[in-house]
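# Architecture and fold: a report
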Amino acid sequence: MSIKIQDIVVAMHSKFEGIQPDMEIDNVSIDSRSLQNNTGTLFFALTGQNRNGHQYINDLIHKGVVNFVVNHIPTGAVGKANFFIVDNTLKALQDFAIYYRKLFSFPVIAITGSSGKTVVKEWLNYLLSPDFNIIRSPKSYNSQVGVPLSIIGINQKHNLGIFEAGISIPGEMEHLEPIIRPEIGVLTNIGTAHEEGFTSHQEKIREKLKLFKNAKLLIYQKNGDVAKELDPNLKTFTWAFNESADVIMNTIKDTSSTNLTVIRPEEMFAVTLPFTDDASIENAINSLMVLLHLNYKVDIIKERMAGLYPIEMRLQVKNGSNGCTLIDDSYSSDYQSLKIALDFLEQHKTHEKKTIILSDVFQSGFETEELYDKVEKMLSGHKISQVIGIGDTISKQLAHLPNFYPYSTTQEFLTHYRANAFENETVLIKGARNFRFDEIVVFLEEKTHQTVLEINLNAITHNLNFYKSRLKPETKIMVMVKAFGYGSGSYEIAKALSHQKVDYLGVAVADEGIALRNAGITIPIIVMNPERSAFAAMAAYNLEPEVYSAKELRAFITVAQQKNLSNYPIHIKLDTGMHRLGFMEDQLAELIELLHNNNLVSVKSIFSHLSSSDVTDYRDFTLGQIANFEKWSSHLMKELEINPIRHILNTSGIYNFPEAQYNMVRLGIGLYGVGNDEEEYKCLANVGTLKTVILQIKDVDPGESIGYSRRFIAKEKIRIATLPIGYADGIRRAWGNEKGYVTINNKKAVITGTISMDMMMVDVTDIDCKEGDSAVIFGKNPSVVEMAQVLGTIPYEILTSISQRVKRIFYKE
Ligand SMILES: *Cc1c(COP(=O)(O)O)cnc(C)c1O
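Below is a short write-up of the structure. (Residues numbered from 1 in each chain as written. Predicted model: local features only at pLDDT ≥ 70, side-chain atom pairs only at ≥ 80, totals over all residues. Heavy atoms only, no water.)

Let's shift gears to the overall build of the protein. Of regular secondary structure, the protein possesses 27 helices and 43 strands. Its C-alpha radius of gyration of 29 Å places the protein within 12% of the 28 Å reference for a compact globule of 813 residues. Within the protein, the fraction of its 813 residues that count as buried is 56%. Within the protein, contacts between residues separated by at least 24 positions form 65% of all contacts whose residues are at least 6 apart in sequence. With the model as given, the accessible surface of the protein reaches about 35300 Å², and the carbon-plus-sulfur share is 48%. (Helix = DSSP H or I, 4+ residues; strand = E, 2+ residues; numbered from the N terminus. Rg over C-alpha atoms; globule rule 2.2 N^0.38 Å. Buried < 20%, exposed > 50% of the residue type's maximum accessible area, 1.4 Å probe, protein only. Contact = heavy atoms within 4.5 Å. Areas by Shrake-Rupley, 256 points an atom, 1.4 Å probe, with all protein chains shown as cover.)

On to the environment of Met 305. Its location among the elements puts Met 305 in helix α10 (residues 298-306). According to the relative accessible area criterion, Met 305 is buried, its value standing at 0%. Through-space distance from the C-alpha of Met 305 to that of Phe 104 is 30 Å; in sequence the pair is 201 residues apart. Aside from chain neighbours lying at most four places away, what touches Met 305 is Leu 127, Thr 272, Leu 273, Pro 274, Ala 284, Leu 288 and Leu 291.

Right, let's talk about the site of the ligand for a bit. Around the ligand, the neighbouring residues are Met 480, Lys 482, Tyr 486, Arg 580, His 609, Asn 650, Thr 651, Arg 666, Gly 668, Ile 669 and Tyr 796. Take Arg 666: an N or O atom from its side chain is 2.7 Å from a nitrogen atom of the ligand. Ile 669 is positioned such that a nitrogen or oxygen atom in its backbone is 2.8 Å from an oxygen atom of the ligand. In the complex, 93% of the free accessible area of the ligand, which totals 390 Å², lies under the protein chains. Each residue belonging to the shell around the ligand can be placed in one class, and the counts come to four nonpolar, four polar and three charged. (Near = heavy atom within 4 Å. Polar contact = N/O pair within 3.5 Å; in protein donor to acceptor, adjacent residues only side chain to side chain. Nonpolar A, V, L, I, M, F, W, Y, C, P; charged D, E, K, R; others polar.)

Taking burial as the measure, the nine residues of helix α7 (residues 201-209) include eight buried ones, the bulk of the element. Where α7 is concerned, the buried positions are His 201, Gln 202, Glu 203, Lys 204, Ile 205, Glu 207, Lys 208 and Leu 209. As for α7, its buried residues are in contact with β10 (108-112), α6 (172-180), β13 (184-187), β14 (217-221) and α8 (224-229).

This part covers the pattern of salt bridges. Scanning all chains against the criterion turns up 35 salt bridges. Here Lys 121 makes a salt bridge to Glu 122, at a shortest N to O gap of 3.4 Å. Each member of the pair, Lys 121 as well as Glu 122, carries the same accessibility label: buried. Glu 266 is paired through a salt bridge with Arg 264; the nearest N and O atoms lie 3.2 Å apart. (Salt bridge = Lys/Arg side-chain N within 4 Å of Asp/Glu carboxyl O.)

Turning next to unusual backbone geometry. Residue Pro 782 is bonded to the preceding Asn 781 through a cis peptide linkage, with omega at -5 degrees. Phi is positive for Arg 436, close to 55 degrees, though the residue is something other than glycine. Residue position: Arg 436 is located in the loop between β24 (426-430) and α15 (438-444). Despite not being glycine, Tyr 662 shows a phi value in the positive range, around 45 degrees. Structurally, Tyr 662 is set in the loop between α24 (651-656) and β33 (664-667).

What follows deals with the packing of aromatic side chains. Counted according to the given criterion, the structure contains 17 aromatic pairs. Considering the side-chain rings of Trp 239 and Phe 241, the 5.3 Å spacing of their centres and the 85 degrees angle between planes classify their relative orientation as edge-to-face. Classification of Trp 239 as buried rests on a relative accessible area of 0%. By relative accessible area, which is 30% here, Phe 241 ends up partly exposed. Note on Tyr 486 and Tyr 672: the rings are 4.6 Å apart at their centroids and 20 degrees apart in plane angle, and the pair reads as stacked. Placement of Tyr 486 in helix α17 (residues 482-486) and of Tyr 672 in the loop between β33 and α25 (678-682) is noted, with a sequence separation of 186 residues between them. When its relative accessible area of 6% is taken as the criterion, Tyr 486 is described as buried. Through a chain of ring-to-ring contacts, three or more aromatic side chains come together here, namely Phe 43, Phe 68 and Phe 83. Stacked on the ring of Tyr 741, the Lys or Arg Lys 748 has its end atom at 4.5 Å from the ring centre. (Phe/Tyr/Trp six-rings, centres within 6.5 Å; stacked < 30°, edge-to-face > 60°. Lys NZ or Arg CZ within 6 Å of the ring centre and 35° of its normal.)

Counting 141 residues, the largest nonpolar core has Leu 505, Ile 572, Val 742, Ile 744 and Val 762 as its most contacted members. Ignoring any residue separated from it by four or fewer positions in sequence, one finds Val 742 in contact with Leu 723, Lys 747, Lys 748, Ala 749, Ile 751, Met 760, Val 762, Ala 775, Val 776, Ile 777 and Pro 782. Core analysis: the next-biggest nonpolar cluster, separate from the first, contains 52 residues, Ile 3, Leu 42, Met 173 and Phe 212 among them. (Core = buried A, V, L, I, M, F, W, Y, C linked by side-chain atoms within 4.5 Å.)

Now for the sheet that holds β10. On the basis of which strands lie adjacent, the open sheet formed by nine strands has the order β11-β12-β10-β13-β14-β15-β16-β17-β18 and mixed pairing. The open sheet has two free edges, formed respectively by β11 (134-136) and β18 (267-273), since each of these has just one partner strand. Direction aside, the axes of adjacent strands within the sheet are offset by 20 degrees on average. Relative to strand β12 (residues 160-164), β11 runs parallel, the two being bridged by three bridges. Paired with Ile 135 across the bridge in β12 is Gly 161. Sheet strands touched by helix α4 (residues 117-128): β10, β11, β12 and β13. Its angle to β12, the strand with the most contacts, is close to 165 degrees. (Pairing = 2+ DSSP bridges. Axes fitted to C-alpha atoms, helices over the stretch in contact; angles between N-to-C directions.)

Remember, this is a structural readout, not a statement about activity or role.
See below:
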């Protein structure tokens, strides 16, 4: 990319105020953390609920960035850089992309729909890449920000574009259409469900079709609802199962593959698809339709369709052996996704030492040398300690790097690799699919049993943003990560949150805080129930105590004296009605006396805890707690002449009493996807999914019993599956004996008989499944909320009971 500033001033409808008007732009960034080649970078200061790019500008000017698209010039920056002043920086990014898109005239395929967009995009890329130099959206970059960023990746060498577009409310597609400007459209599964954000199914269809306003052809599965909304001038190429359409499809499923017959007036042929689920078959057919449209020969279609593979869209964080953390991205190795993976590595690394195992890099559109030059810059920009290159091209091109270890094939690497070659480091494993890096992942992965709790880090961010959206922008947030992050993994969550502007972390005991510090978390941490024996360690690890009594305060002051501390931050807890820990009203005088003129400690915050913020019937009681808090904390502030942070709201408090947000709130269960209120719960995304796999399937005859104490007797012939998860993993026995269920292949499988220590049996008589298939113990279905209702407990207890022997896997979509 090389664009003159003068050209984009107009394109972005901006006002230019700058010092170097003759510069050229060679790349674009919206993320201050991952800038390269700073002088040619155009930085868009995007603003949103949880970020404001303007905050980073002064810093970036220091680092050598010169060009900024802004709403306003931040104080202190006037005259120090080039500024493009616009009303809306996101709109400017989109206008920039529209301008950039117009510089290229090759055909573009655009994909939208309710599901299957990313899979179809990736498959089309796989199917067409032998014949085209393709630019495609990286991962699932399909949003108002993702689409322009995808387009900005185009360069002169590309001759085909494949982009996906996703929308969530009316009006959005209008912005994306001129950025993508597709020639061929593919509409994937549109679903029948009413989607949040749209008033009706038809409105949703109408909106999505706006992407194809200027297209020459639309490919889709014949569907009356869609046909109704189509522009009569848009040519279509339709398919359908066993009914009239341009192409008729007929499927016969085998155990692990599907035989698809393709019938059109001029020909009929069969292809084998290497899977049997309906969604994959539909996605494969949509991809095949593009090949038909492009006049591919039947032989090639057959060969390539048989090679389709499951798409792993997410970067997965896994535990490796020898204390390593693995980031598994073993499905792609193109230049654009390398950048995403390196940024992800930076955010999720658990060790100072960073290693990358990288295959030859493909599909960049650049000449080999230029490409590896760019790869090299990116690697050094991310301070990678060790690079293992696999493939002949990378081995040759990066040979001059220090700490570079070349191998020509994956097999060669696996043969020469020593079991302990990696230790206490974060290893990014990124390779094109044909390099079979999944074998490297299996090799390096810690070996544990197959029951895992998957934590969706995107959902955590979503939930955080939901609560943020209900707060004033200046209100600080403390995230409670006590009890191992409500069972979800405190360190990884803290790490994920450190990029989200969280002001404090809350833990229950000092050891939890020490573990976070040892893992490199630098966010301030409050210890909610500090034990006296841990005071010295807390000071050493920079952990801030909650102080709930005069006795405790005296003890802490003694330690502060011994350790020569001054102004050590402490947090005063008031007991306004919970009657657990905290100062009562009549104890405030003693507290004031202790703190008066004391410079060993400094009151960082004053807080209290609501006992019933989720109980509507006790609204008045809660208001009384808040009134006490206001009165007592004001008294302390006046007497001590201090102005600390004040906070009283937990999750339900944020939802029900936002007027009492003071300067900070303490978010707990809501972050983990559980709301105590039904409406609130609907706005949250599911975070944890507890999964296992079927160990064995067997048929049981009528009259036979299942499990301990013969609590289940089969009335008829049934089929049961045994799962390797039991009460020792934290699943209550009360959930067995047909009270509870698990989900297998999207169907309910009721738990039959008593749950044992390490296993349980479920009824799969009516479920198409086999040994090795995955079973969801909780997640979306059943949810922990549903389980808690049946078991007469609360979701908190279910989440925090999941045993530590269950492996946690963290992923980002
Ligand atoms: C656990 C805890 C919270 C968070 O409560 P949620 O209901 O999970 O939001 C807040 N404050 C204190 C003092 C806590 O102990």
